[in-house]
Amino acid sequence: MIEEIPSEPVVITHIIHETPSIRTFEFSRRFDAGAGQFCMVWIPGVDEVPMALSARNAITVQKVGEATEALFSRSEGDLIGIKGPLGNGFSPTGRVLAVAGGVGAAPLRPLVTDGLADTFILGARTAEELLYAGELDGEVDLRIATDDGTRGHHGFVTALLEEADPASYDTICVCGPEMMMKAVLGILDAHGIAGRGQFSLHRYMKCGVGICGSCCCDPSGLRVCRDGPVFTGDALLQSTEFGSYSRDASGRKVLF
Amino acid sequence: MVVLCPGPVDVAGVRLNNHLILAAGVLGTTGASLARMLSLGAGGVVTKSIGPEPKTGHAGPCVAVLDGGVLNAMGLPNPSKDFVGELDQLIGKPVIASIFGGTPEEFAEVATWFAGRVQALELNLSCPHAEGYGAAIGSDPEMVRECTRAAKRTGLPVWVKLTPNVCSIADFGIAAEEGGADAVVAINTVKAMRISTGMRRPLLGNGMGGLSGPAIFPIAVRCVWELYEACDIPIIGCGGVATADNVAELMMAGASAVEIGSAIVESENVFTAIAEELYRVDGGEDPCAIVGCAHD
């Protein structure tokens, strides 16, 4: 018998303008979610799209397309639908390092709020686009990189990762642009610790529950929505797709 | 408890590894996911429905998992001809290409892309929520006949997937048979709808959708039964199959093999789980003997 996976109508209770392009939407209900799990967010009349849960009652969203633009036009008191928590999430053990690029900090944030992260490497294009920098500072050993050098290390998070002695961590949780994650995987692999890496992937999803197949990856056929979104570095080393292409809404390949 | 002898199954021009086939539209967008389902025990797999032009499908929500069923309005998203390359890794495997079009000519064109690459074609004349496609033309017997004829020109075996959203599904089975179909597949989803009372709007982005899952299994049994009475070609059962006993029941109604889709929501291991219960090397019945036995 198929068990219902409900879409819960929730009221947006608070909107936080995190950066010029990123907002956090807090809502009226808490979901029993672990770090790295996601939800399908229904923006009525527009679409339903996958979003990381940045807290048990919040999503943090970057304006990138039609659905997120519509979400940005919503106000406190408006209704959205939340289906979740979905996916496997991170499974941190021992000493934990988080590596985030841009809005990729969203699924990693609960690692800090739950007291699970030891070190947090946070990267963004520029200082004003650094997500959660204020709240993370003091909660965790925070190390910052910006592409333009306006704050922290001038350059990419990968340089800070090399400095941080990745082999001294048991779990390295990573989320950000795929080319950044590919570079991080390369460093972990060079240290012989790819298996300690846990990477949160983003793929086009229609159903979120593992049936439609739009988020299946090559060559394993694993579903990002159900078998992921978190995959180990070991698994990604076998991937012919990671860092090369994803698929659009029709299923056509789109190169990075 | 019905137990069958295991082994390859020849049905309507296709050699399957067992009686259990992955239904169209489920995990069928990539060659890798189809290969994975074969490795997880599916006796054959049907691809996502491929049409004449790339389509992005309907706006979401596209799928709602309900108590006992799945409601969907995907809107036939597909990469069109680009999909053909996905099958390179599956040549020689029991793969059936699901295709759709708006006219017999479009069916003919899409069908040619798959010649030599798949074991059979399955014509989607039954999707209940795509304007101009699927059930929109599959509820006209003349169109069913002509689209079948058009696809048959490839020389491939042609299965015709029928909609239950008609007064008499048998009439459409007969139309497919007249068009030269090698088998009919029954059923596609049942036209359905739910409204979110919290949101005060339809649960699916498209409004209307199609219901699958255990809730529609009795409809599938009835349709297979009626087709078995009316047609001479094999019937592939589909609709709400979730257990080994469901498989046996559809076969007794007249199905030579069955397709499984929504049960994947519970577990992608559903094929292995059903096969373990359904087949036994010593002591199993001849599967052919139970096909349609309830009619005797």
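The rules we used
Residues numbered from 1 in each chain as written. Chains lettered and ligands numbered in written order. Predicted model: local features only at pLDDT ≥ 70, side-chain atom pairs only at ≥ 80, totals over all residues. Heavy atoms only, no water. Axes fitted to C-alpha atoms, helices over the stretch in contact; angles between N-to-C directions. Helix = DSSP H or I, 4+ residues; strand = E, 2+ residues; numbered from the N terminus. Parallel < 35°, antiparallel > 145°, perpendicular 65-115°, else oblique. Left-handed = near helix turned anticlockwise from the far one by under 90°. Contact = heavy atoms within 4.5 Å. Nonpolar A, V, L, I, M, F, W, Y, C, P; charged D, E, K, R; others polar. Phe/Tyr/Trp six-rings, centres within 6.5 Å; stacked < 30°, edge-to-face > 60°. Buried < 20%, exposed > 50% of the residue type's maximum accessible area, 1.4 Å probe, protein only. Lys NZ or Arg CZ within 6 Å of the ring centre and 35° of its normal. Expected span 1.5 Å × (residues − 1). Salt bridge = Lys/Arg side-chain N within 4 Å of Asp/Glu carboxyl O. Core = buried A, V, L, I, M, F, W, Y, C linked by side-chain atoms within 4.5 Å. Patch = residues over 30% accessible without salt bridge, like charges linked within 9 Å, V, L, I, M, F, W, Y side chains within 5 Å. Areas by Shrake-Rupley, 256 points an atom, 1.4 Å probe, with all protein chains shown as cover. Lys, Arg positive; Asp, Glu negative; His and termini not counted. Charge placed at Lys NZ, Arg CZ, Asp CG, Glu CD. Pairing = 2+ DSSP bridges. pLDDT = per-residue confidence, 0-100.

> So what exactly am I meant to see when it comes to the packing of helix H5 (residues 169-178) of chain B against helix H6 (residues 217-230) of chain B here?
A pair of packed helices is characterised by two quantities: the angle between their axes and the separation of those axes. Residue and element names in this part refer to chain B. In contact at an axis separation of 9 Å, H5 and H6 are set at 50° when each is read in the N-to-C sense. Classified by the angle their axes make, H5 and H6 are oblique. Judged by the sense of rotation from one axis to the other, the crossing of H5 with H6 is right-handed. Residues Ile169, Ala170, Gly173, Ile174 and Glu177 of H5 pack against Arg222, Cys223, Glu226, Leu227 and Ala230 of H6. For the contact of H5 with H6, the class distribution of residues is six nonpolar, one polar and three charged.

> Please clarify how the packing of aromatic side chains should be interpreted in this entry.
Residues and elements named next belong to chain A. For the structure on display, the rule yields four aromatic pairs over all chains. Judged by centre distance (6.0 Å) and plane angle (75°), the ring pair of Phe27 and Phe31 falls under edge-to-face. With a relative accessible area of 2%, Phe27 lands in the buried category. Note on Phe31: relative accessible area 4%, which makes it buried. The interplanar angle of 65° and the centroid separation of 6.3 Å between the aromatic rings of Phe199 and Phe242 together place this pair among those described as edge-to-face. Of this pair, Phe199 sits in strand E12 (residues 197-200) while Phe242 sits in the loop between helix H6 (233-237) and strand E14 (245-247); the two residues are 43 residues apart in sequence, bridging distant segments of the chain. The two residues Phe199 and Phe242 agree in class, both being buried. The ring of Phe31 has Arg29 sitting right over it, with the charged end atom 4.6 Å from the ring centre. Above the face of the Tyr169 ring, Arg95 is positioned so that its terminal group lies 4.2 Å from the ring centre.

> What is the right way to look at helix H5 (residues 178-190) of chain A in this model?
Think of an α-helix as turning once every 3.6 residues; residues three or four places apart then point the same way. All names here are of chain A. In this model, H5 (13 residues) spans 18 Å end to end at C-alpha, consistent with the 18 Å of a helix rising 1.5 Å per residue. Looking at the buried residues of H5, the elements they touch are strand E7 (96-101), helix H4 (157-163), strand E11 (171-175), E12 and H6. Phi turns positive, to about 75°, at Gly192, one or two residues after H5.

> Please explain unusual backbone geometry as it appears in this structure.
The phi angle of most residues is negative, glycine excepted, and most peptide bonds adopt the trans form. In this chain, A:Gly84 is followed by A:Pro85 through a cis amide linkage whose omega measures -5°. Relative to the assigned elements, A:Pro85 resides in strand E6 (residues 79-86). Look at the link from A:Gly228 to A:Pro229: it is a cis peptide, with omega at 15°. Its location among the elements puts A:Pro229 in the loop between E12 and strand E13 (230-232). Even without glycine at this site, A:Asp165 takes up a positive phi of about 55°. Within the element layout of this structure, A:Asp165 appears in the loop between H4 and E11. In this model, B:Leu27 sits at a positive phi of 50°, which is unusual for a non-glycine residue. Mapped onto the elements, B:Leu27 comes out in the loop between strand E3 (20-22) and helix H1 (31-39).

> I keep staring at the pattern of salt bridges and nothing clicks. Help me out?
Any two side chains of opposite charge can pair, so long as their charged atoms come close to each other. For the structure on display, the rule yields 22 salt bridges over all chains. The partner of A:Arg203 in a salt bridge is A:Glu178, with the nearest N and O atoms 2.8 Å apart. Of this pair, A:Arg203 sits in the loop between E12 and E13 while A:Glu178 sits in helix H5, and the two are 25 residues apart along the sequence. The same class applies to A:Arg203 and to A:Glu178, which are both buried. The salt bridge partner of B:Lys152 is B:Asp182, with a shortest N-O separation of 2.9 Å. Of this pair, B:Lys152 sits in helix H4 (residues 141-152) while B:Asp182 sits in the loop between H5 and strand E10 (183-186); the two residues are 30 residues apart in sequence, bridging distant segments of the chain. Assessed through its relative accessible area of 27%, B:Lys152 is described here as partly exposed. By relative accessible area, B:Asp182 is classed as partly exposed at 23%.

> What is the right way to look at the nonpolar core in this model?
Taken as a class, soluble globular proteins show a tendency for nonpolar side chains to be buried jointly. Judged by nonpolar contacts, the single largest core of 132 residues is most densely connected at A:Val99, B:Leu20, B:Phe114, B:Leu121 and B:Val160. Non-local contacts of B:Leu20, meaning those with residues more than four positions away in its chain, are made with B:Ala42, B:Gly43, B:Gly44, B:Val247, B:Val258, B:Ile260, B:Phe271, B:Ile274, B:Ala275, B:Leu278 and B:Tyr279. Listed in part, the 27 residues of the second largest apolar core include A:Ala35, A:Leu111, A:Val112 and A:Leu122.

> It is not clear to me how a negative patch on the surface should be interpreted in this structure. Could you clarify?
On the surface, A:Glu3, A:Glu4, B:Asp67 and B:Glu266 cluster together to form a negatively charged patch. Tracing the sequence through the fold places A:Glu3 in the segment before strand E1 (7-19). Judged by relative accessible area, A:Glu3 falls into the exposed class, the value being 61%.

> Teacher, can you tell me more about the sheet that holds strand E14 (residues 209-212) of chain B here?
Note: strands within a sheet are paired through backbone hydrogen bonds, in either parallel or antiparallel orientation. Residue and element names in this part refer to chain B. Reading across the sheet, the four strands line up as E5-E6-E14-E11 and stay open at both edges, with antiparallel pairing between neighbours. The sheet terminates laterally at strand E5 (63-66) and strand E11 (190-192), the two strands that pair on one side only. Taken over all neighbouring pairs, the strand axes of this sheet differ in orientation by 30° on average, direction set aside. Summarising the sheet, E5 and strand E6 (residues 69-72) pair through four bridges and their orientation is antiparallel. Bridge pairing in E6 places Val63 opposite Asn72.

> Just to check I follow, could you spell out the pairing of strand E9 (residues 141-146) of chain A for this structure?
All names here are of chain A. Here strand E8 (residues 119-124) pairs with E9 via six bridges, running parallel. Residue pairing for E9: Thr119 is matched across the bridge by Asp141. By the bridge criterion, two bridges tie E9 to strand E10 (residues 153-154) in an arrangement that is parallel. Each bridged residue has a counterpart across the sheet, and for Ala145 the counterpart in E10 is His153.

> Just checking my understanding: could you explain the confidence of the model for chain B for this structure?
In regions of low pLDDT, the predicted coordinates are not meant to be interpreted in detail. Taken over all residues, the pLDDT of chain B has a mean of 96, while the share at 70 or more is 100%. Interface scoring of the predicted complex returns ipTM 0.94; its pTM is 0.96.

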